[in-house]
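# Per-entry structural report
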Amino acid sequence: MRVAGIEPESIVDGPGIRFTVFAQGCPLKCPGCQNPGTWDPCGGQEIDVEEIITEMRSSVLASGLTLSGGEASRQPGDCATLSRAAHEMGWDVWAWSGFTMDALLRQARHNPELAEMLDQVDVLVDGPFQLARRTLTLPWRGSGNQRIIDVSATLREGRVVEWESVSPAG
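Structural notes, computed from the coordinates.

Calculation notes
Residues numbered from 1 in each chain as written. Predicted model: local features only at pLDDT ≥ 70, side-chain atom pairs only at ≥ 80, totals over all residues. Heavy atoms only, no water. Core = buried A, V, L, I, M, F, W, Y, C linked by side-chain atoms within 4.5 Å. Buried < 20%, exposed > 50% of the residue type's maximum accessible area, 1.4 Å probe, protein only. Helix = DSSP H or I, 4+ residues; strand = E, 2+ residues; numbered from the N terminus. Axes fitted to C-alpha atoms, helices over the stretch in contact; angles between N-to-C directions. Parallel < 35°, antiparallel > 145°, perpendicular 65-115°, else oblique. Left-handed = near helix turned anticlockwise from the far one by under 90°. Contact = heavy atoms within 4.5 Å. Nonpolar A, V, L, I, M, F, W, Y, C, P; charged D, E, K, R; others polar.

Before going further, it helps to examine the nonpolar core. Side chains of nonpolar character tend, in soluble globular proteins, to be buried together. Core analysis: the largest hydrophobic core is formed by 34 residues, its most contacted members being Leu-65, Leu-67 and Leu-82. If you list the elements that add at least two residues to this core, you get strand 2 (18-23), helix 1 (49-58), strand 4 (64-68), helix 2 (76-88), strand 5 (92-96), helix 3 (101-108) and helix 4 (112-120). Looking at this core, the element that brings in the most residues is helix 2, giving five residues. Core analysis: the next-biggest nonpolar cluster, separate from the first, contains seven residues, Trp-96, Val-125, Trp-140 and Trp-163 among them.

As structure tokens, this is what we get:
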């Protein structure tokens, strides 16, 4: 997997202490993005997914996996593998995407790895960062257009279902 970095004990990438993987590469290049160094798909470094899983298993504080970026949905097979391992450890999985959930679902119809990744994600923060709608008041979102999606409920109901608990305390 090509990654921009790993933060084994993040407190800002979802509820609780998270093991965060920043995927390298993003085609969206949102103006004002907080991680422009992750845009280049050839940047970062290649790390074997099994090495990342070993590092996840050695964590004593983390209780969840966060897939961020860059754009994690551009490496869906590797992200699905990490997510399955996280679920086996009893962790939940959060992901961030600059694509909307609706766009990801359309893409997943033609991309089985993306469909598998979405099936493994519990909560998705969706939508591009919009500098004109930048906010510091919404938990886990950088701009007011972004939503926190309950992915399982969305897949089950066939419509976007927003996540109920949006307070930082979870």
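After that view, the rundown keeps rolling.
The next thing to look at is the packing of helix 2 against helix 4. Contact geometry for helix 2 and helix 4: axes closest at 8 Å, N-to-C directions at 25°. Judged on the interaxial angle alone, helix 4 and helix 2 are roughly parallel. Crossing angle aside, the handedness with which helix 2 passes helix 4 is left-handed. Along its contact with helix 2, which presents Pro-76, Gly-77, Cys-79, Ala-80, Ser-83, Arg-84 and His-87, the element helix 4 presents Glu-113, Leu-114, Glu-116, Met-117 and Gln-120. Among the residues forming the contact of helix 2 with helix 4, the class breakdown is five nonpolar, four polar and three charged.

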